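# Topology and contacts: notes
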Amino acid sequence: MAQILEYPELDINSYVQKINEIGKALKVSVTEVKNPTYLISMLNEVLFDNFGYQADEEDYYNPKNNFLNAVIDKKSGIPITLSILYVEVAKHIGLELKIVGFPSHVVVKYNEEMILDPFYGGRLLEITDLQEILDRNFGEGVEFEPNFLDEITTEMILIRLARNLKNSYAQSYAYEKSLRCTNMVLALEKNSPEDIRDKGILEERMLNSDVALKYLNQYLEMNPNGEDVDFILELIKSIKDKSSQ
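Below or above, wherever it landed, is the structure these notes cover. Predicted, not measured: the structure shown is a model, and the values here were computed from it.

## Some remarks on helix H11 (residues 229-244)
An ideal rise of 1.5 Å per residue puts 22 Å on 16 residues; H11 measures up with 23 Å between its terminal C-alpha atoms. For H11, the complete set of buried residues consists of Val229, Ile232, Leu235, Ile236 and Ile239. Taken end-on, H11 shows its buried residues confined to a sector of 125 degrees, consistent with a single buried face. Facing away from the buried side of H11 by over 90 degrees, the exposed positions are Asp230, Glu234, Lys242 and Ser244. Looking at the buried residues of H11, the elements they touch are helix H9 (193-205) and helix H10 (209-222).

Shown next as structure tokens:
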């Protein structure tokens, strides 16, 4: 994804090697003890204390935080990219961690009882912590549900990264790149209403009126009672008015 969108000359193997080097450093740090709590504490120590990886809270929405090569180089990232790195490094000591698609904040689990947050140094999360994350990002209208801790597939991780990038690029007026990310999502999830809507909005911003109308109308057919219906109807009217001038 990084190679396609931002780094055409990227040597992917060199970054795989960098991850392996962290994994090797972790492997030589652990004893023969196979206790998962011990292994996780050593993983946290090596990745966050020794190698210095941390949350990028100051520039959270920078598109680079979604590219693993950039995260590896600058040693900071967002929940999803730090979780990917965390899980990959853990494999070097036989620790099979799973990436969890928790709403608005990707985390990692060892089992159903051990939920870890690589964004905050691999700390162990309780249900109250998870509810706090929901409250912080959605207000108090979203209650914690056990299925929020389901493992997500590689495809779902890619979709989530592409959506992050779509929003980051759109906010910085890089509409062509934002549209490319939207198309990536739709290639994997072709009937996603929000991405069909966003494709229509982006096409309008790039002055592709006919294509914009097609996707905006498709969105209204799929989601006639959406909260943004009035906005989309106004946008359609605006496009038609401009076309008739």
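After presenting the structure, the write-up continues.
## A word on the environment of leucine 82
Along the polypeptide, leucine 82 turns up in helix H5 (residues 79-90). Sequence spacing of leucine 82 and tyrosine 53 is 29 residues, and the spatial spacing of their C-alpha atoms is 8.3 Å. Every residue in contact with leucine 82, bar those within four places of it in the chain, is listed here: Tyr53, Gln54, Ala55, Val71, Gly77, Pro118 and Phe119.

## Looking at the nonpolar core
One finds Leu26, Leu43, Tyr53, Tyr86, Leu95 and Leu97 to be the most contacted residues of the largest nonpolar core, which totals 45 residues. Residue contacts for leucine 26: discarding those within four places in its chain leaves Met42, Leu43, Val46, Val89 and Ile93. With 14 residues, the next largest nonpolar core counts Leu186, Leu216, Leu220 and Val229 among its residues.

Conventions we followed
- Residues numbered from 1 in each chain as written.
- Predicted model: local features only at pLDDT ≥ 70, side-chain atom pairs only at ≥ 80, totals over all residues.
- Heavy atoms only, no water.
- Helix = DSSP H or I, 4+ residues; strand = E, 2+ residues; numbered from the N terminus.
- Expected span 1.5 Å × (residues − 1).
- Buried < 20%, exposed > 50% of the residue type's maximum accessible area, 1.4 Å probe, protein only.
- Arc of directions from axis to C-beta.
- Contact = heavy atoms within 4.5 Å.
- Core = buried A, V, L, I, M, F, W, Y, C linked by side-chain atoms within 4.5 Å.

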